[in-house]
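# Descriptive structure summary
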Amino acid sequence: MKKIELAIKRGLFYLLSAIFKKWFGNMPMIELEQKHIEGCEVLINRDLLLQKLPKNAAVAEIGVENALFSERIMTICKPAHLDLNDWWLDKQTYQTSLSRMEQYSNVTFHKSKSVDYLKSKTDNTLDWVYLDTDHTYPTTKAELEEAHRVIREDGMICGHDYTSVDYSGLKKYGVVEAVNEFCMTYNYKFLYLTHEASRHISFVIQKIKNP
């Protein structure tokens with residue numbers, strides 16, 4: 001009986017993998033080198049990660065939804081200014097975000113697609129950004145490349161869902177593939193990774209300094 005159950009599970013896994021490949025296409029499977037993880041610190045959750053990030057900084061959160069995490073950024077990081085960018089297709093969610101952040105005078109809302117927002121920013125103007133949008137490979141790749149241009153020389157690119165699959169929504173993520181490829185191409189390394197049991201892992205990467 002156990003052998004039959006195992007065979008069924010394997011069959012479902014291969015079927016799901018085939019479906020993902022058909023839906024989301026092939027993505028580059030790039031392994032990092034040791035230099036890209038040297039000194040990386042693993043943290044329990046996103047609150048501890050925020051404690052590690054620069055304070056009184058120019059910050060952007062891209063992919064805001066109802067601004068719950070935006071509130072944590074304001075409370076823990078106390079940024080000099082926070083840009084909040086989202087497409088906000090749901091009007092009620094947008095209003096909830098506005099209401100939640102109305103107490104802060106140093107917050108600006110930008111209602112646009114993530115890459116369009118980043119393209120509108122001047123080079124070297126943000127200290128760090130946090131990416132949390134659709135998690136597809138093409139979008140994440142484009143966001144990372146624009147964020148690279150927008151952050152300052154010692155700036156950081158942060159993001160959510162450095163994982164492969166959203167099982168609750170039956171969706172293949174491309175964040176791991178996009179981030180690894182970006183680190184290899186642009187010579188970035190991981191500073192921090194979170195370790196939530198839910199596997200909604202956050203990451204922080206930064207340009208490797210030349211010796």
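Predicted model, so just to flag it, every value in this text is computed and none were measured.

Glancing now at the environment of Asp90. In this structure, Asp90 sits in the loop between strand E3 (81–86) and helix H4 (91–101). Sequence separation of Asp90 and Asp134 is 44 residues, and the distance between their C-alpha atoms is 15 Å.

So, on to the packing of helix H6 (residues 137–150) against helix H7 (residues 175–186). Across the interface, H6 lies against H7 with an axial gap of 8 Å and an inter-helix angle of 35°. Considering only the axes of H6 and H7, their crossing is right-handed. For the pair H6 and H7, the contacting residues are Tyr137, Thr140, Lys141, Leu144, Glu145 and His148 in the first and Val175, Glu177, Ala178, Val179, Glu181, Phe182 and Tyr186 in the second. Tallied by class, residues from the contact of H6 with H7 come to seven nonpolar, two polar and four charged.

With that settled, consider the sheet that holds strand E4 (residues 107–111). Where strands meet in a sheet, backbone hydrogen bonds hold them as pairs that are either parallel or antiparallel. Spatial strand order, E1-E9-E10-E6-E5-E2-E3-E4: eight strands in an open sheet with mixed pairing. A single partner strand is all that each edge strand has here, and the edge strands are strand E1 (41–43) and E4. Mean inter-strand twist for the sheet, computed between neighbouring axes without regard to direction, equals 20°. One ladder, built from four bridges, connects strand E6 (residues 151–159) with strand E10 (residues 203–207); its direction is antiparallel. By the bridge assignment, Cys158 is partnered in E10 with Val204. Against the sheet, H4 engages E3 and E4, with an angle of about 170° to E4.

Rules of the game
- Going along each chain's sequence as written, the residues are numbered from 1 onward.
- A pLDDT threshold of at least 70 governs which residues receive local features in this predicted model, and a stricter bar of 80 or more applies before side-chain atom pairs are shown or counted, although totals over entire chains, interfaces and linings include all residues.
- To obtain the side-chain values, all non-hydrogen atoms of the structure were included, while hydrogens and water were left out.
- Helix numbers and strand numbers start at the N terminus; a helix is a DSSP run of H or I with at least 4 residues, a strand a run of E with at least 2.
- Fitted lines through C-alpha atoms give the axes, limited to the stretch in contact for helices. The angle between two N-to-C directions lies from 0 to 180 degrees.
- Here a crossing is called left-handed whenever its near helix is offset anticlockwise from the far helix by less than a right angle, and right-handed whenever the offset is clockwise.
- Here, residues are in contact when the closest pair of their heavy atoms is within 4.5 Å.
- Each residue gets one of three labels, nonpolar for Ala, Val, Leu, Ile, Met, Phe, Trp, Tyr, Cys and Pro, charged for Asp, Glu, Lys and Arg, and polar for the others, Gly among them.
- Think of it this way: DSSP has to see at least two bridges between two strands before they count as a pair.

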